[in-house]
Amino acid sequence: MDEKIIPTRGWFEEPKRENFLAHGIGTQNMLELTPHAGRKPFHTLKDWGVYFPYVAQSFRSKKFDYPQVTSLVQKDPVLQRAIKQAAEQILREQEQQSKETTGHEDLNFNERRNSYRPPHRHTDYQHILQRQEHRAIKILKEMRSTLNNFLLAFTSWLLYKLLPCFLTGVVTHTQQIEMLKTASEKAPGIPLIFLPLHRSHLDYILVTFILTNNDIRSPLVAAGNNLQIPVFGEILRGLGAFFIKRKIDPIVGKKDIIYRAVLHLYLQHALKMGHNVEFFIEGGRTRTGKPCMPKGGILSVIVNAFMDRSIPDALLVPVSVNYERLVDGNFVREQKGEKKIPESFGKAMSGIWKALNSKYGLMRIDFNKPYSIKELVQSYNKIAKEDGSMKIYKPSARTLQHNQSTSSLYGTDVVCEEHRSLIESISRQVVYDCAAATSIMSTNALAFLLLTRYRNGATDKELAKALDDLRQRLTGKKDLGFSGESLHIINYATDLLGEKLVKRCYDSNNQISICVANGIESWIELAYYSNTLTPHFALQSIVLTTFHNLLLKHVNMLEENLTSTEPGICRKKLIEAAIENCEVYRYEYILYKPTETLEQVLESAIDELIVQGIIKTEQTENEPESVMDNRRQARGLATYLGEDDMSDDGHDFLDVEQPQLPDLFLISDTKVQQKALCEVLAPYGHAYLCVAQSLYILYQNSMLESEFIKLVVKELNTKVKTQQCPYAESISTDSVRNCLKVLEKWSVIEISNQSGLRLLALGTLYETSRSSLKNIVQRISDIVPYYANDYF
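Predicted, not measured: the structure shown is a model, and the values here were computed from it. Within every chain, residues take consecutive numbers counted from 1 along the sequence as written. Local features in a predicted model are, by the rule used here, given only for residues with pLDDT of at least 70; side-chain atom pairs are given and counted only at 80 or more, and totals for whole chains, interfaces and linings are based on all residues. The basis for every side-chain value is the complete set of heavy atoms in the structure, and neither hydrogens nor water enter the calculation.

(A) Region of interest: the nonpolar core. As used here, the term nonpolar core means buried Ala, Val, Leu, Ile, Met, Phe, Trp, Tyr and Cys residues forming a set that is joined through side-chain atoms within 4.5 Å. Here's how the labels work: a residue is buried when its accessible area is under 20% of the maximum for its type, exposed when over 50%, partly exposed in between, all with a 1.4 Å probe on protein chains only. Counting 145 residues, the largest nonpolar core has Phe 367, Leu 743 and Ile 749 as its most contacted members. What counts as a helix is a DSSP run of H or I of at least four residues, what counts as a strand is a run of E of at least two, and both are numbered from the N terminus. Looking at this core element by element, the count peaks at 12 residues for helix 25 (residues 671-693). The next biggest cluster of nonpolar side chains, apart from the first, holds 68 residues, and it includes Ile 139, Ile 258, Leu 263 and Leu 376.

(B) Broad picture of empty space enclosed by the protein. Detection works on a 1 Å grid of protein atoms alone, calling trapped sets that fit a 1.4 Å probe cavities and calling open sets with protein on both sides within 12 Å along at least five of seven lines pockets, with lining residues defined by an atom within 4 Å of a point. Grid points are joined across faces, edges and corners, and a volume is the space filled by probe spheres set on the points. Enumeration according to the criterion identifies 12 cavities of 30 Å³ or more in this entry. Roughly 240 Å³ of internal volume is contained in the largest cavity. In terms of lining residues, the largest cavity is bounded by 21 residues, among which Ala 527, Asn 531, Pro 683, Tyr 684 and Glu 729 are the most central. Of all elements in the fold, only helix 16 (442-452), helix 19 (520-530) and helix 25 reach the threshold of two or more residues within the lining of the largest cavity. Ranked by the residues each element gives to the lining of the largest cavity, the list is headed by helix 25, at 5 residues. Along the lines of polarity and charge, the residues of the lining of the largest cavity split into 9 nonpolar, 9 polar and 3 charged. Taken domain by domain, the makeup of the lining of the largest cavity includes at least three residues from each of domain 2 (440-530) and domain 3 (681-782). Here the second largest cavity defines a volume of roughly 110 Å³. Lining the second largest cavity are Phe 448, Leu 449, Thr 452, Arg 453, Ala 466, Asp 469, Leu 470, Arg 473, Phe 537, Ala 676, Leu 677 and Val 680. If you list the elements that add at least two residues to the lining of the second largest cavity, you get helix 16, helix 17 (460-474) and helix 25. No other element matches the 4 residues that helix 17 contributes to the lining of the second largest cavity. Charged means Asp, Glu, Lys or Arg here, nonpolar means Ala, Val, Leu, Ile, Met, Phe, Trp, Tyr, Cys or Pro, and polar covers whatever is left, Gly included. Residue ranges labeled as domains rest on an automatic or database domain assignment.

(C) Main features of the sheet that holds strand 13 (residues 568-569). Ordered in space as 13-17-14, the 3 strands form an open sheet in which the pairing is antiparallel. Across the chains shown, the open sheet's two edge strands, defined by having one partner strand only, are strand 13 and strand 14 (615-616). At least two bridges found by DSSP between two strands is the condition for calling them paired.

(D) The arrangement of the environment of Arg 260 in detail. Residue placement: Arg 260 occurs in helix 10 (residues 257-272). Each C-alpha atom, one on Arg 260 and one on Ile 248, is 7.4 Å from the other, the two residues being 12 residues apart in sequence.

(E) Layout of the confidence of the model for the chain. In predicted models, pLDDT denotes the confidence assigned by the predictor to each residue on a 0 to 100 scale. Considering every residue of the chain, the mean pLDDT works out to 82; 80% of them sit at 70 or more. Residue contacts follow a heavy-atom distance rule, with two residues in contact if any of their heavy atoms lie within 4.5 Å. The low-confidence segment residues 5-17, where pLDDT is below 50, has 17 contacts with residues more than four positions distant or belonging to other chains. Per-residue pLDDT stays below 50 along residues 560-564; that stretch engages in 6 contacts with residues further than four places along the chain or on separate chains.

(F) The environment of Ala 761, seen in detail. Along the chain, Ala 761 falls in strand 20 (residues 757-762). In the structure, Ala 761 is positioned 63 residues away from Leu 698 in sequence and 6.0 Å away in space, judged by C-alpha atoms.

(G) Structural view of the pattern of salt bridges. Salt bridge, as used here, is a side-chain nitrogen of Lys or Arg placed within 4 Å of a carboxyl oxygen of Asp or Glu. Throughout the structure, instances matching the rule amount to 23 salt bridges. One salt bridge connects Glu 729 with Arg 455, and the closest N-O pair in it is separated by 2.8 Å. Here Glu 729 is found in the loop between helix 26 (705-721) and helix 27 (733-745), whereas its partner Arg 455 is found in the loop between helix 16 and helix 17, with 274 residues between them in sequence. Of the two residues examined, Glu 729 and Arg 455, each falls in the buried class. Through salt bridges that share partners, Arg 135, Lys 245 and Asp 256 make up one connected network.

(H) Up close: the side chain of Ser 730. One can find Ser 730 in the loop between helix 26 and helix 27. The contacts of Ser 730, once residues within four sequence positions are left out, are Pro 683, His 686, Ala 687, Leu 716 and Cys 725.

(I) Representation of helix 29 (residues 773-781). Within the sequence span of helix 29, burial applies to Leu 773, Ile 776, Val 777, Ile 780 and Ser 781. Taken around the axis of helix 29, the buried residues stretch over an arc of 135 degrees, which confines them to a single face. Along helix 29, the residues that are exposed and aim more than 90 degrees away from the buried face are Lys 774 and Asn 775. Summarising the contacts, the buried residues of helix 29 are in contact with helix 20 (534-552), helix 22 (571-584), helix 25, helix 27, strand 20 and helix 28 (764-768). Directions are taken from the helix axis to each C-beta atom, and the arc is the one they span.

(J) Quick look at a nonpolar patch on the surface. On the surface, a nonpolar cluster with roughly 450 Å² of combined accessible area is contributed by Phe 59, Phe 150, Phe 154, Leu 158 and Leu 162. For the nonpolar patch, the leading source of residues is helix 6 (residues 149-162), giving 4 residues. The residue Leu 158 is located in helix 6 in this model. When its relative accessible area of 33% is taken as the criterion, Leu 158 is described as partly exposed. Here, patches come from residues exposed beyond 30% relative accessible area and free of salt bridges, joined within 9 Å for like charges and within 5 Å for nonpolar side chains (Val, Leu, Ile, Met, Phe, Trp, Tyr). The protein chains shown are the only cover counted for residues, whose accessible areas, like all others here, come from Shrake-Rupley with a 1.4 Å probe.

(K) Seen up close, the sheet that holds strand 19 (residues 749-754). Reading across from one edge, 18-20-19 is the order of the 3 strands in this open sheet, with antiparallel pairing throughout. The sheet is open, and its two edges are formed by strand 18 (703-704) and strand 19, each paired on a single side. With 6 bridges connecting them, strand 19 and strand 20 associate as antiparallel partners. Looking across to strand 20, one finds that Gln 754 is bridged to Leu 757.

(L) Inspection of the pairing of strand 20 at higher detail. Alignment of strand 18 against strand 20, held across 2 bridges, turns out to be antiparallel. Across the sheet, residue Leu 704 finds its bridge partner in strand 20, namely Leu 759. The turn joining strand 19 and strand 20, which pair antiparallel and follow one another in sequence, is formed by 2 residues; a positive phi near 55 degrees is taken by Ser 755.

(M) A look at the side chain of Thr 546. With respect to the element layout, Thr 546 can be found in helix 20. Of note is the side chain of Thr 546, whose polar atom sits 2.8 Å from the side chain of Asn 581. Once residues lying within four places of it in the same chain are set aside, the contact partners of Thr 546 are Leu 574, Ala 577, Ala 578 and Asn 581. Whenever a nitrogen or oxygen atom comes within 3.5 Å of another N or O atom, the pair is scored as a polar contact, on the condition that within protein one atom can donate a hydrogen and the other can accept it, and that pairs from neighbouring residues in sequence are kept only if both atoms are in side chains.

(N) Representation of the packing of aromatic side chains within the structure. Here is the rule: rings of Phe, Tyr and Trp (six-membered ring for Trp) pair when centre to centre is within 6.5 Å. Planes less than 30 degrees apart are stacked, more than 60 are edge-to-face, and the remainder are tilted. Under the definition given, this model contains 16 aromatic pairs. Aromatic side chains Phe 154 and Trp 157 sit 5.9 Å apart centroid to centroid with 40 degrees between the ring planes, which places their arrangement in the tilted category. Residue Phe 154 and its partner Trp 157 are located together in helix 6, separated by 3 residues, close to a single helical turn. Phe 154 sits in the partly exposed class, given a relative accessible area of 37%.

(O) Looking closely at the pairing of strand 12 (residues 512-516). In terms of burial, strand 12 is a largely internal element, 4 of the 5 residues being buried. Where strand 11 (residues 502-506) lies against strand 12, 5 bridges are found, and the strand directions are antiparallel. Paired with Cys 505 across the strands is Ser 513, a residue of strand 12. The hairpin turn running from strand 11 into strand 12, its antiparallel successor, is 5 residues long, and Asn 510 in that turn takes a positive phi close to 65 degrees.

Quick look at the structure:
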C-alpha cells in the first residue's frame, strides 16, 4: 500500500478529538470516589473532610487488625521438625561424601545413618542444627509482611494524588464491590483469596487501593523476591507484600525443606489469624497479553490448609485486571529472545518518572463471584462419583509423618501429591474464569481488528463499522470497558497507542488510513493488546482453521464445491480433527473449564459459527435461531444420555446426516469474517511450525534448550523479513517454549538437567528414524490456516 504518513500537528486540520473515554456502564471511577469525605449526619458544618477530601477518605476508611504471625511460625513444631530433618540430611550427605573420599566402607555408617547423633559426632550435628535454625529465622525475616494501617492510609492519599497524572480512571463495578462486602460480612471468619491475572506491577497496589477505600480488609500479597529493592521493597512490605523466591529449590532434584516449611506455615498461620491473601496464579506477569498456564504452588498450601482442617473454608475471588495502555512498558525484548533487565532502584525511579509524564488511559479491575473451596471440593467429588472415579477428596485431620526422604514431612511440600489433580482443576478454572471476565478495553478492540481483519490498514470509518460488529458479537458474553460512538473510540485508541504502534497515513486512494506502524516490534507489542480477545475466539478459530484444512486435503471435492455450492465437511470428522488441533494448543490456552468436555465446547463453537452466518447446515439454512437452540439442546441431551438412548425404532430424532456425508458448509458471503477468525491463531501456528521444522537439528545431536530457542527465534525473524511468515507477532519465545512442552508431552523430545542446564534431545523413536519427524511437522502444520484455491 502506497502511503504517506500524516503529521499529528501542523497543516493537517481535523476536529479536535476528545482525550478521554467514558468507562463501562454500571462502573465507578475510584479516583473520583471519596465516600468517607464530606459532611456526615450529626457532624459539625466545619467538617475538615469537605476541604481535604482525599486525606479524609484515606484516614477515615475502616481500619483492621493485621496481626504478625512470624512468632507463631517460629514456634510451630512442624518448623522444628523441618529444621531437624534438614540438619539430618546435611549430616547424612557429609558422611556419604566422607565415605566416597576415603574409598573404604565405614563400619559405623549404618549406625550413624539410623541415629544421626553418634557421640563422637554430636558436636557437628548441633552446629549444623544451629545453622539451620538461624537460616529458618533469616528466611522468615526476609519473607514476612509488615502490613499496617498507617502506611495503607498514607499510600492511599498519595495514589489519589499521583494516579490522575497518568491514568484517566481506575474503574471498578459497583455491584462487584457490594458482592465482596456481603461475602465478608456473611462469613467474617472465612479468608478471601484474591487471584488476579498479572499484567503490571501496579496490579497489587491498585487492588489493595480499591479494597482499602471500600472498607474491605487488605490482603497479604505474594511478591517475587526480585522486588526486594531498596526503599520500594520496604514500602511494598508495609502494604502487605510477603516475598518468596521465584525458584524455591536452588538445586535441581533436591527440595529445600526449610524454605518450603516456612512458606507453608506462614500462609497457614496468616489464614488462621484472619488475613486475606492475594497471589498471582500465573506466577509472573504475562509477556504476551493472554493468560498464562497456572502454577499451583501457593494455591496448594491454601487447599491443604482446608483439607487438613486448619481453616474451615476459604473464598477464592478471581480478579481480572486490564489497562488501556500498559504502564510497565512492553515485553518485546523478551519475546525476541533478549534477556530481561533486572529490577533495580534506578530502573524503578526511571519507570515512575516516565509514567508520571505519560498518558495510559483507563485501568479496569473486575472482581468475579467468589466460590468456596469447600463447595468446589464437593462439586469435584460429585463429578468423580458420576464418572465412576475412586478419587474422592475428603478433609481430615493429618498427623505428621517422618521418613528419611527429603519430601516426607507433610506440610513442607508446596504441592501435595495427593491433591495435585484437585489443585490443577481449581487453578485452571480460576484462570479460565479470569480470562472470561476480563473487560475489553478500547485498545484491545483496535489491536484485534488491525491484526485479524485489517492487517493492511483501514479508514477510521471502516474500523468503526467493524467495531460495531465486534461489540454486537461480544454483547452478553464479554464486558466492555468503554462506551460511546465507535468512531470516537477508534480515534481515541489510535491516539493513546501512539505513532510507534499505530499511525495515520494516506493510502493509494488518497484516503486517510489507520494501520500498524512499520517494524517487527510494533506488531509484537500490538499483539499484546489483541491477545486479551484471542481466548474468546480461540475455539472458533481452531474450528474454522480445521474446516479449511480438511477441505484442502480433499482438493477435488473442494474445486467441485466452489463451482457449484459451498464446500462442506462432516460435523463428526470436523470435531475429531479439531480435538487433535486443540491438543497442540494445550499449553497456550485453557479452552474449557474442568467441569466441561472438549466435545461439548467444540459443539458450542460450531453452533456459534452457524448463528454468525459463517457455517450452515442443510437443515438449518433457513431455520430461525430458536430452532437451532433446540437442536443444540438436543445434541447436549444426546451426549449426556448416549446415542443408543436417543433413538426410537431405529430413527434418530436429531435427523443427523450419515457421518461420511458433508453436513456443514461454509458460506461464501462471509469470506472476510472467516479469514479474520483464522487469523486469530495463525501467528501461533506459524511459530509452532517453525519449531517443528527445526527439530531436524536435534537429530543425533543434543542442544541446550536456550540455544535451541534462540535458533528458532532467529529463524522466525528470517522468515518474517523474507515474507515466508506473514505474521511478525509469530516471533515469541513464549510460544516456542509452549511448543517444546507439547513436543515433550508427545515424547518427541526429551529434556534433561545437567549442572542446572536444560538439555534437549530427540526421543528414542525419533532419534532412530529421521523420517518420523515428518509426521510431527505434518501434525503441527494442521493448525496453520491454508487458504486453498484462492477461496479467500
